[in-house]
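# Observations on chain architecture
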Amino acid sequence: MTTFSEPPKAVVHLTSTVLSNLEDQHDWSHLEISNARSGRPLISGLPPRRLYTHPDDQIAALEHEHKTGERIFQDAETEWVLAVHLAEKWTLADFASVFDSIEHTGPRAKRIVLATVHNDSTIVYYLMHEGMVKPRQN
């Protein structure tokens, strides 16, 4: 079994900063930090509402709403969050390592929420998918 060393203190602080932001500013719940097999800590948690609807699910929901006049309620899903600093240099191999470390059983491609932290503590969140994903319908 491979063991990974503890992440650097700066990475631990960065991850804690993002976790606090998710909890205090964005009302996420069930937040946990795990040391992924990639060696980089990941945050898992439940946002207050669903962050992403796959295009196929979106089409089905729109068809249902058009036929019945009722919207389909979609529960929030547990999301994985990767905290990075804007100055860090990430490669595709680095991201692939993170995706490989996520256990996933769903029918859709894996995704993470990339939390990019700037020096002034601003945090910008991006959805990042593993592989190709069909574009959303507007």
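As the structure is a prediction and not an experimental result, all values here were calculated from the model.

### Let's talk about helix H2 (residues 55-68)
With 14 residues, H2 should cover 20 Å at 1.5 Å per step; its first-to-last C-alpha distance of 20 Å lies within 8% of that length. Listed as buried for H2 are Pro55, Gln58 and Ala61. Down the axis of H2, the sector holding all buried residues measures 120°, keeping them to one side. At the C-terminal side of H2, Gly69 shows a positive phi close to 80°.

### Here we look at the sheet that holds strand S5 (residues 123-129)
In spatial order, the strands read S1-S2-S3-S4-S5; together these five strands make up an open sheet with mixed pairing. If you trace the sheet from one side to the other, it starts and ends with strand S1 (29-35) and S5, each paired once. Across the sheet, the mean angle from the axis of one strand to that of its neighbour is 30°, orientation sign disregarded. Where strand S3 (residues 79-85) lies against strand S4 (residues 111-117), five bridges are found, and the strand directions are parallel. Note that in S4 the partner of Ala83 across the bridge is Ala115.

### Some details on the packing of aromatic side chains
One pass over the full model with this rule turns up one aromatic pair. On the numbers, 4.9 Å between centres and 25° between planes, the contact of Trp90 with Phe95 is stacked. For Phe95, a relative accessible area of 14% puts it in the buried group.

### Some remarks on the environment of Arg111
Relative to the assigned elements, Arg111 resides in strand S4. You can call Arg111 buried: its relative accessible area is 15%. At 2.5 Å, the side chain of Arg111 forms a polar contact with the side chain of Glu77. Polar side-chain contacts of Arg111 include one of 2.9 Å to the side chain of Glu79.

### Concerning the side chain of Glu79
Along the chain, Glu79 falls in strand S3. Glu79 has contacts with Trp28, Ile43, Ser44, Gly45, Pro47, Leu51, Arg111 and Val113, leaving out every residue within four places of it along the chain.

### Observations regarding the pairing of S1
Pairing between S1 and strand S2 (residues 41-46): five bridges, direction antiparallel. Among the inter-strand pairings, Ser34 is bridged to a residue of S2, identified as Leu42. In sequence, S1 turns back onto S2 through a hairpin of five residues, with Gly39 there showing a positive phi of about 90°.

### Topic: the environment of Thr15
Mapping Thr15 onto the fold places it in helix H1 (residues 9-25). The class of Thr15 is buried, set by a relative accessible area of 1%. Linking Thr15 and Pro107, residues 92 residues apart in sequence, is a C-alpha distance of 28 Å. Thr15 has contacts with Ile33, Pro41, Ile43 and Ala83, leaving out every residue within four places of it along the chain.

### Focus: the pairing of S3
A large share of S3 lies buried, amounting to five of its seven residues. Direction of pairing for S2 relative to S3: antiparallel, over a ladder of three bridges. From the neighbouring strand, Ile43 faces S3, where its bridge partner is Val81. The parallel pair S3 and S4, bridged by helix H3 (residues 92-101), forms a crossover whose chirality is right-handed.

Conventions and cut-offs
- Residues numbered from 1 in each chain as written.
- Predicted model: local features only at pLDDT ≥ 70, side-chain atom pairs only at ≥ 80, totals over all residues.
- Heavy atoms only, no water.
- Helix = DSSP H or I, 4+ residues; strand = E, 2+ residues; numbered from the N terminus.
- Expected span 1.5 Å × (residues − 1).
- Buried < 20%, exposed > 50% of the residue type's maximum accessible area, 1.4 Å probe, protein only.
- Arc of directions from axis to C-beta.
- Pairing = 2+ DSSP bridges.
- Axes fitted to C-alpha atoms, helices over the stretch in contact; angles between N-to-C directions.
- Phe/Tyr/Trp six-rings, centres within 6.5 Å; stacked < 30°, edge-to-face > 60°.
- Polar contact = N/O pair within 3.5 Å; in protein donor to acceptor, adjacent residues only side chain to side chain.
- Contact = heavy atoms within 4.5 Å.
- Right-handed = clockwise from strand over helix to strand, strands pointing away.

Purely geometric stuff here, so don't read any function into it on its own.
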